[in-house]
Every structure is written in structure tokens, then in C-alpha cells.
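Take a look at the letters that make up each chain.
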Amino acid sequence: MTVVDRGTAHWQKLDADHHWHPFTNTKALNQKGARVIVRGEGVYLWDSEGNRILDGMAGLWCVNLGYGRTELAEAAAAQFATLPFYNTFFQTTHTPAVELAHLIASVTPGDLNHVFFASSGSEAVDTALRMARAYWVVAGKPSKTWVIGRKNAYHGSTLAGASLSGMSGMWKYGAPLVPDIAHIAQPYWYGEADAAETDPEAFGLARARLLEAKILELGAENVAAFIGEPIQGAGGVIVPPASYWPEIERICRKYDVLLIADEVICGFGRTGSWFGSQTFGITPDIMTMAKGLSSGYLPISAVAVGNRVADELINGGGEFTHGFTYSGHPVSAAVAKRTIEILRDEKIIERVHDDIGPYFQERLRTLEDHPLVGKVDGVGLIAGIALVASKSPKRFFEKGDEVGLICRDHCFAEGLVMRAVGSRMVCAPPLIISRDEVDELVRLARRCFDLTLRDVG
Ligand code: PLP
């Protein structure tokens, strides 16, 4: 019996009775009923009522190859049949994990030659935090425990992920979170620069230098690492000015602070390079990745670690007392390996860089003539659109969250998935999107901005 045969109401009732949704006001959802998604193909989804929806969010920033890639299903089936599970804890390994680690090392920048596996982005972030602190203990500087992140960053939902994230909403259930974590302001020029800071590059430098100020305040001898997403995704696609990341890297080097790039969203082609770090010209010491690693088809994440940190921990640290049952899960690893091969062999990332990314950005920027659109930011196939009450003088909506949700709901009703982060609409379609599909996405977005303006204008 198919999902559709049982009818939407049946599934909505069961969902409301038993299924507790992540990051959702479940009471409000249960009153109206969740939309039941039943199928995906390419950049499109279908719901249980037969409606087609253009997925402008690639699932949750992850289905980079689009839906329905049979090669990934075949890779999973073959691995299920051969070895569905074995651990890598006890003096054993298996070929899917080895091959994937090797492939990841070949596409990451610098000397990130050592790969540790987990299942989710949050676990990868936890792992990176533990590694950074462990490194300084083994290196003989145990006072270096503090990790500095940014406000409005997102690094996951585990205790460490939530602590490193800079979203106050995630801390509302109170302390204690993980200790020795500090946050500096984000590099959001359009939203946060004051009237005097008209030059985005000067603003980018100023925001990067907040890191230096925080290191000096805490004492460099106490700071283990800085963590940041090359582009803040869940924070609303905050694209930093070009001056920002090189200055962050310079400061990290000056004070001997490890640089952790959280590439969970930016990794695997989203910005037109394998990693966002390459787009912004930096070489981190530690890199976390998930989502696009398997195109979202199976849960898997990884932490790629540079020689300096890995050599110290592997050769000087003895056993690293950390790991997960599913670290390097063979079926997930086989699917991730196939994903990377497809990205590489079909030159999908080159296409994002040279063709479809610039086209997407150019077409989205045509929306800046809409009365509701203050600014479109983005690179490659990731973008954020600031909705404003007035463009000049620039004025944000007092209840920006509500406007964003109104717009998001119009999008969903009209057959387009865009996510609302406050009053920013964010968009990150599968990397295989065609020019015609980009045109359709922009057409639908304009229509939804019209409908939103009608509601709030
Ligand atoms: N880090 C970043 C940058 C993310 O965007 C996310 C999720 O969106 C995470 C970590 C957490 O990943 P997961 O939801 O797989 O735990």
C-alpha cells in the first residue's frame, strides 16, 4: 500500500499523535497538519496530494545531487549485501571507510590528511571541539581551552553544538552549557554595519579584529580555537566581505589559535569550490563536514584534520578516547564515496563555479527591484534575501520573523521551498539545477514576494 492510497489525513493524524518534529512548534503544526512528502526527482518533490514543489533548499542544504540518483541506491545496495556493518574501533577497518577517507583527503585544502568519521554535523562539531582541546593538552599547553565562535552561528544541536552556536534561542533552556566558549559579533554588513561603515571590506576587517580583541581579553595562552562557517547558513546565509576570512586566519596564526572551519553546509560544492574555505582563501587546521558528503542520502559526517594536529594526537597522544558506533559506517561511506565520485567525474562543482552559480546569483539579483527585497547576498548556489519594510532609508520589519514566515508559507503553497530565517529568505537548491529551473525558482519567488507584500504592505 502506498502512502498516497492511505490519504493525507490519515498520515497527518498519525504524525500529530506520535511524531515529535525537530525545530518545530509541534503544537501549532499539529493544528494544521504537516505536509506529507512522498517522492523526489531531480530538484522536485511531490506531496501526498500530488502537488509538485521545487526544492530550493536541497532538502536541508544537503541533497546536492538532487533526488533519484540510482547510482547512490546501487552503491548502498551493493554494500548492504557485502558488509552492512562493522566497527572500526578494535584493530579493524573496512574498504568503504578507507576509500572515503582517502577521497576526502584528496579534495580538502592544505594537509587535512586525517579523517575521523561520525554520523551527523553535530557529532562532527563535538569531535572537532574535543580534538582541539585534546591537542593542546598533548602539546603541553593545557590552559588553552577556550573556543571562540560567532553570534548567529549554527554548529548543531548536541550540547557542544548548541554551546558553540551563537543563537540565543538555543540557550533558552538555560545553563550549564559547555564551559569556556565565547562568541564575537558576526560579519553581517547589510544588517549590522552602522551608517558610518559604508565600506564592506573595512567592516569585514573590523569584525575579524573582534577575534583579536577577544583573544587578548581571554589571554592567548587560554584560547584553543576559533570556529566558523565560511558562510553562516542557518543564520540566514551571511556572506562575509572578502576581507574577513584572511584576517581571521592571520589572527589565528599570530596567536597560535587553531582554525576550525565548519563546512557542514558549504562543503562539497555549494559555494563553487569543494569547500567554502577555498572560496574564501583560507586553510583551516580542522574541518567539519556532513550533509553534502553523501548528498543527504544517508547520515554520515567527517572531521578532516591537518598534519600538525593529527601528528601530535596520533603519535603523541596515545588512544583518543572518542568515537561513535557508526563512525565510518560502511553503507554510508560507500554512498559518500559514490557521491564524491559523481561530483568529481561529472564536473558538477566546476559547473557551479563557472556557469549555474553565476547564473543563479544574477537571476536572483533581478529581485532587488522588488519593493520587499533589500539585498540579495550569495555565492555559488547559496543565497540569502533580506526582506525590508523600506529600502531607502533602510528599515527592517519590526516583526521580521512573522514576515519571513508569511513569505515561507506563500512559497510552500505556490510550489517552492525557501526557508525563512527571521526576515531573510534563504535558498540553496540542488547543485544539478538547470537554467530553466533557476528561472522557475526566481519567477515563483517574485510571485511569493508579491503575495507577502499584499499581506504586510
Ligand atoms: N554545522 C553547521 C554549519 C550546520 O549547518 C549544521 C546543520 O545544519 C550542523 C553543524 C549540524 O548538523 P546536523 O544537523 O547534521 O547535526
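Treat the numbers as computed from the prediction; the structure is a model and nothing was measured.

What counts and what doesn't
Residues numbered from 1 in each chain as written. Predicted model: local features only at pLDDT ≥ 70, side-chain atom pairs only at ≥ 80, totals over all residues. Helix = DSSP H or I, 4+ residues; strand = E, 2+ residues; numbered from the N terminus. Rg over C-alpha atoms; globule rule 2.2 N^0.38 Å. Buried ≥ 20, exposed ≤ 12 C-beta atoms within 10 Å, placed from the backbone. Contact = placed C-beta atoms within 7 Å. Near = placed C-beta within 6 Å. Nonpolar A, V, L, I, M, F, W, Y, C, P; charged D, E, K, R; others polar. pLDDT = per-residue confidence, 0-100. Axes fitted to C-alpha atoms, helices over the stretch in contact; angles between N-to-C directions. Parallel < 35°, antiparallel > 145°, perpendicular 65-115°, else oblique. Left-handed = near helix turned anticlockwise from the far one by under 90°. Pairing = 2+ DSSP bridges. Expected span 1.5 Å × (residues − 1). Arc of directions from axis to C-beta.

Caption draft 1: Here's a closer look at the overall build of the protein. Of regular secondary structure, the protein possesses 17 helices and 15 strands. At 22 Å, the protein has a C-alpha radius of gyration in line with the 23 Å of a compact globule built from 457 residues. Expressed along its principal axes, the backbone C-alpha trace of the protein runs to roughly 65 × 60 × 45 Å. The buried share among the 457 residues of the protein stands at 49%. Residue pairs in contact within the protein that sit at least 24 positions apart in sequence constitute 72% of those at least 6 positions apart.

Caption draft 2: Quick peek at the site of the ligand. In the neighbourhood of the ligand, 15 residues make up the surrounding shell, with Ser120, Gly121, Ser122, Gly156 and Val264 lying closest. For the shell around the ligand, the element with the most residues is helix H7 (residues 121-138), which contributes 3 residues. Within the shell around the ligand, the residues separate by chemical class into 6 nonpolar, 7 polar and 2 charged.

Caption draft 3: Looking closely at the environment of Ala182. If you trace the backbone, Ala182 turns up in strand S6 (residues 181-184). Residue class for Ala182 comes out partly exposed when judged on the 15 C-beta atoms lying within 10 Å of it. When the C-alpha positions of Ala182 and Leu216 are compared, they lie 13 Å apart, and in sequence the two are 34 residues distant. Once residues lying within four places of it in the same chain are set aside, the contact partners of Ala182 are Trp146, Ile148, Lys214 and Leu218.

Caption draft 4: Quick peek at the confidence of the model for the protein. On average, the protein scores 96 in pLDDT, and the residues at 70 or more come to 99%. Across the interfaces of the predicted complex, the ipTM metric reaches 1.00, alongside a pTM of 0.97.

Caption draft 5: Region of interest: the packing of helix H10 (residues 200-218) against helix H11 (residues 244-254). H11 packs onto H10 with a crossing angle of 20° between their chain directions and a minimal axis gap of 8 Å. Between H10 and H11, the angle falls in the class roughly parallel. When the axes of H10 and H11 are compared, the crossing they make is right-handed. Residue-level contacts link Gly204, Leu205, Arg207, Ala208, Arg209, Leu211 and Glu212 of H10 to Tyr244, Glu247, Ile248 and Ile251 of H11. Residue composition of the contact of H10 with H11, by class: 6 nonpolar, 1 polar and 4 charged.

Caption draft 6: Broad picture of the sheet that holds strand S13 (residues 416-417). Taken in spatial order, the 4 strands of this open sheet run S1-S2-S3-S13, and their pairing is mixed. Of all strands in the sheet, those with a lone pairing partner are strand S1 (37-41) and S13, marking the two edges. Relative to strand S2 (residues 44-47), S1 is paired through 4 bridges, and the arrangement is antiparallel. Following the sheet pairing, Gly40 is matched in S2 by Leu45.

Caption draft 7: Expanded view of H10. Relative to the 27 Å expected for 19 residues at 1.5 Å per residue, H10 spans 28 Å between its end C-alpha atoms, a close match to the ideal helical length. Listed as buried for H10 are Phe203, Gly204, Arg207, Ala208, Leu211 and Ile215. With its buried residues spanning 150° around the axis, H10 presents them on a single face. The exposed set on the far side of H10, more than 90 degrees from its buried face, consists of Ala213, Leu216 and Glu217. Phi turns positive one or two residues past the end of H10, at Gly219, with a value near 95°.

Caption draft 8: Local environment of the environment of Ala28. Its location among the elements puts Ala28 in helix H3 (residues 26-32). Ala28 gets classed as exposed once you count the C-beta atoms within 10 Å, which come to 8. Taking C-alpha positions, Ala28 is 36 Å from Gly276, a pair spaced 248 residues apart along the chain.

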